[in-house]
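# Structure at a glance
Below, each chain spelled out in residue letters.
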Amino acid sequence: MVGLKPTDIPPTATVKFLGAGMAACIADLCTFPLDTAKVRLQIQGESKPTKSVKTIHYKGVFGTITTMVRTEGPTSLYNGLVAGLQRQMSFASIRIGLYDSVKQFYTSPGSENAGVLTRLLAGCTTGAMAVTCAQPTDVVKVRFQAHVRLMDGTKKYNGTVDAYKTIAKEEGVRGLWKGTLPNITRNAIVNCGEMVTYDLLKELLLKYHLMADTFPCHFIAAFGAGFCATVVASPVDVVKTRYMNSTPGQYRNAFNCMLTMVILEGPTAFYKG
């Protein structure tokens, strides 16, 4: 019986584009509760408690998940899932699926391997393109995840389509692109810290014959890259989440959001969630 072997023909840009989006959607289905918990932790302490949510306090990722299930029901962990999947299909498809093609575009003719600067430029380019296209889906996803709806509470939006319409109506079309700049900044950091680190780690593992080009090698490289990117990008991620979820007039801009957070909560707030 002949085993499965990798083909010598590299996948096309279309295959990479669709494959990256589908893979990201599958991953999102598994990790969405963790992402929702992260959003709740990031916005905690931002505003004064109201009568409906004054008793709710989140402690840690799993404590947040437990509290949400108890007060809002298990389905609350998947608030905004539709927008999340829309985001992954548009965002991950561009950010990951087009990375190799853009990297080749920036690589000088005759060069066998792309340099670090070329990879950084390619990562930032695909990240900016992805954010610009997917920002409305990200805004809606965060709004759903951040909304605290108790068992007998009312919904903020009547579905994903209604959320797009309501935000555009109340805040203007620009409201759907709220927080684009901090999101581009965050994703530039993530792309530089994650995709470039992934490339370099995998090349080192293969170059020194520490591992074969198989799943374990990819997993180790991805784990190391993800850890580095999370540590570096967390401050910008918190600012991005808070600014996208903010009401009109709450912050003048993303920089004002950052300053307000530091003054009221201290620098440790950058690592909430």
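Up top you'll find the structure we're talking about.
Residues numbered from 1 in each chain as written. Predicted model: local features only at pLDDT ≥ 70, side-chain atom pairs only at ≥ 80, totals over all residues. Heavy atoms only, no water.

Let us now look at the overall build of the chain. Along its length, the chain carries 9 helices and 0 strands. What you see in the chain, going N to C, is helices and strands ordered as α-α-α-α-α-α-α-α-α. The C-alpha atoms of the chain give a radius of gyration of 20 Å, which matches the 19 Å a tight globule of 273 residues would have. C-alpha extents for the chain along the principal axes are approximately 65 × 45 × 35 Å. Out of the 273 residues belonging to the chain, those deemed buried represent 43%. In the chain, once contacts between residues fewer than 6 apart in sequence are set aside, the share between residues at least 24 apart is 73%. A total accessible area of about 15,400 Å² is found for the chain, and carbon and sulfur atoms account for 67% of it. Distance between charge centres in the chain, computed from 29 positive and 18 negative side chains, equals 8 Å. (Helix = DSSP H or I, 4+ residues; strand = E, 2+ residues; numbered from the N terminus. Rg over C-alpha atoms; globule rule 2.2 N^0.38 Å. Buried < 20%, exposed > 50% of the residue type's maximum accessible area, 1.4 Å probe, protein only. Contact = heavy atoms within 4.5 Å. Areas by Shrake-Rupley, 256 points an atom, 1.4 Å probe, with all protein chains shown as cover. Lys, Arg positive; Asp, Glu negative; His and termini not counted. Charge placed at Lys NZ, Arg CZ, Asp CG, Glu CD.)

Here we come to the nonpolar core. Counting 14 residues, the largest nonpolar core has Val140, Phe144, Tyr157, Ala163, Tyr164 and Ile167 as its most contacted members. Looking at this core element by element, the count peaks at 5 residues for helix H5 (residues 116–146). The contact partners of tyrosine 164, leaving out residues within four places of it in the chain, are Ala83, Gln86, Pro136, Thr137, Val140 and Leu176. Of all hydrophobic cores here, the second largest spans 11 residues; its members include Tyr99, Ala122, Val131 and Ala134. (Core = buried A, V, L, I, M, F, W, Y, C linked by side-chain atoms within 4.5 Å.)

One pass over the structure, following the stated rule, counts 13 salt bridges. With a shortest N-O distance of 3.8 Å, aspartate 100 and lysine 103 are connected by a salt bridge. Here aspartate 100 pairs with lysine 103, and both are found in helix H4 (residues 99–106), just 3 residues apart, close to one helical turn. The exposure class of lysine 103 is buried, given its relative accessible area of 15%. Taking the shortest distance from any N to any O, the salt bridge between lysine 240 and aspartate 237 comes out at 3.4 Å. Here lysine 240 and its partner aspartate 237 are both found in helix H8 (residues 215–245), 3 residues apart, which amounts to about one turn of the helix. Both residues of the pair, lysine 240 and aspartate 237, belong to the buried class. Taken together, the salt bridges that share partners define one network made up of Asp35, Lys38, Arg87, Asp138, Lys141, Arg186, Asp237 and Lys240. (Salt bridge = Lys/Arg side-chain N within 4 Å of Asp/Glu carboxyl O.)

Moving on: empty space enclosed by the protein. In the structure shown here, the tally under the stated rule is 1 cavity of 30 Å³ or more. Residue lining of the largest cavity: Arg87, Phe91, Val131, Ala134, Gln135, Asp138, Asn183 and Asn187, and that is the complete set. Those elements giving two or more residues to the lining of the largest cavity turn out to be helix H3 (81–95), H5 and helix H7 (180–207). For the lining of the largest cavity, the element with the most residues is H5, which contributes 4 residues. (1 Å grid on protein atoms, 1.4 Å probe; cavity = no way out; pocket = protein on both sides within 12 Å on 5 of 7 lines; lining within 4 Å. Points joined across faces, edges and corners; volume = space filled by probe spheres on them.)

Here we come to helix H6 (residues 160–171). The terminal C-alpha atoms of H6, which comprises 12 residues, lie 16 Å apart, in line with the 16 Å expected from a rise of 1.5 Å per residue. Turning to H6, its buried residues are Thr160, Ala163, Tyr164, Thr166 and Ile167. Next to the buried residues of H6 lie H3 and H5. (Expected span 1.5 Å × (residues − 1).)

So, on to H3. With 15 residues, H3 extends 20 Å from end C-alpha to end C-alpha; this agrees with the ideal 21 Å at 1.5 Å per step. Taken as a whole, H3 carries its principal kink of about 25° at glutamine 88. Residues of H3 that are buried include every one of Leu81, Ala83, Gly84, Arg87, Gln88, Phe91, Ala92, Ser93, Ile94 and Arg95, and no others. (Bend = angle between axes of the 7 residues up to and from the residue.)

Axis separation between H7 and H8 bottoms out at 8 Å; the angle between their running directions is 170°. Comparing the axis directions of H7 and H8 gives the class roughly antiparallel. (Axes fitted to C-alpha atoms, helices over the stretch in contact; angles between N-to-C directions. Parallel < 35°, antiparallel > 145°, perpendicular 65-115°, else oblique.)

Here a ring pair, both rings aromatic, is described through the centre-centre distance and the interplanar angle of the planes. With the rule as written, the count across this model stands at 5 aromatic pairs. Seen from their ring centres, phenylalanine 32 and tyrosine 78 are 6.0 Å apart, and the 10° between their planes marks the pair as stacked. With phenylalanine 32 in helix H1 (residues 13–43) and tyrosine 78 in the loop between helix H2 (61–72) and H3, this pair connects stretches of sequence that are 46 residues apart. Looking at phenylalanine 32, the relative accessible area reads 0%, which means it is buried. On the accessibility criterion, tyrosine 78 (34% relative accessible area) is partly exposed. Here the aromatic cluster, defined as three or more aromatic residues joined through ring pairs, consists of Phe215, Phe219 and Phe223. In this arrangement the basic side chain of arginine 87 is found over the ring face of phenylalanine 91, its NZ or CZ atom lying 4.5 Å from the centre. (Phe/Tyr/Trp six-rings, centres within 6.5 Å; stacked < 30°, edge-to-face > 60°. Lys NZ or Arg CZ within 6 Å of the ring centre and 35° of its normal.)

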